[in-house]
Amino acid sequence: MKEMNFFDARKFFPNYSLEQQIIIYSILGGIPYYLKQFNSDLTIEENIKYNILTKVVFCLMK
């Protein structure tokens, strides 16, 4: 699947403001797999902690 543009990717996060959607897009880009990992019911910070930082730490521990 191709990378999505911002206008399609922002549909993953209807609960977030436009500013928050821009922040998420700047972090994840338009990769659908990454976008699906984020939960729009959580804050951006919670999503980063759960979906990025814990996975990086786990990979580094291997």
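Look up a bit, the structure's there.
First, a word on scope: everything that follows refers to the structure included in this document. Keep in mind it's a predicted model, so treat the numbers as computed, not measured.

Those residues of helix α2 (residues 18-28) that sit buried are Gln21, Ile24 and Leu28. Seen from one end, α2 has its buried residues packed into an arc of 65°, which puts them on one side. Seen from the open side of α2, the exposed residues pointing more than 90 degrees away from its buried face are Glu19 and Ser26.

Positionally, Asn51 belongs in helix α4 (residues 44-61). Residue classification places Asn51 among the buried residues on the basis of a relative accessible area of 9%. A polar atom in the side chain of Asn51 sits 3.2 Å from the backbone oxygen of Gln37. Leave out the neighbours within four places in its chain, and Asn51 touches Gln37 and Phe38.

Take the pattern of salt bridges next. Per the stated rule, a full pass over the model turns up one salt bridge. Note that Lys11 is salt-bridged to Asp8, the shortest N-O span being 3.5 Å. Residue Lys11 is classed as exposed on the basis of its relative accessible area of 61%.

Following the criterion strictly, the structure yields six aromatic pairs and no others. Plain terms: the ring middles of Phe6 and Tyr25 are 5.5 Å apart, the flat faces sit at 80° to each other, and that makes the pair edge-to-face. In this pair, Phe6 sits in helix α1 (residues 6-9) while Tyr25 sits in helix α2, placing the two residues 19 residues apart along the sequence. Look at Phe13 and Tyr16: their rings are 5.6 Å apart centre to centre, the planes differ by 5°, and that puts the pair in the stacked class. Of the residues examined, Phe13 reaches a relative accessible area of 1% and is grouped as buried.

A few words on a nonpolar patch on the surface. A surface patch of nonpolar side chains, amounting to about 320 Å² of accessible area, comprises Ile31, Tyr33 and Tyr34. Along the chain, Tyr34 falls in helix α3 (residues 32-37). Judged by relative accessible area, Tyr34 falls into the partly exposed class, the value being 43%.

Before going further, it helps to spend a moment on the environment of Gln20. Tracing the backbone through its elements, the reader meets Gln20 in helix α2. Overall, the relative accessible area of 30% leaves Gln20 in the partly exposed class. Note: C-alpha distance between Gln20 and Arg10 (ten residues apart in sequence) is 9.4 Å. Polar contacts involving the side chain of Gln20 include one to the main-chain amide nitrogen of Ser17, which spans 2.8 Å.

Reading the values: rules and limits
Residues numbered from 1 in each chain as written. Predicted model: local features only at pLDDT ≥ 70, side-chain atom pairs only at ≥ 80, totals over all residues. Heavy atoms only, no water. Buried < 20%, exposed > 50% of the residue type's maximum accessible area, 1.4 Å probe, protein only. Helix = DSSP H or I, 4+ residues; strand = E, 2+ residues; numbered from the N terminus. Arc of directions from axis to C-beta. Polar contact = N/O pair within 3.5 Å; in protein donor to acceptor, adjacent residues only side chain to side chain. Contact = heavy atoms within 4.5 Å. Salt bridge = Lys/Arg side-chain N within 4 Å of Asp/Glu carboxyl O. Phe/Tyr/Trp six-rings, centres within 6.5 Å; stacked < 30°, edge-to-face > 60°. Patch = residues over 30% accessible without salt bridge, like charges linked within 9 Å, V, L, I, M, F, W, Y side chains within 5 Å. Areas by Shrake-Rupley, 256 points an atom, 1.4 Å probe, with all protein chains shown as cover.

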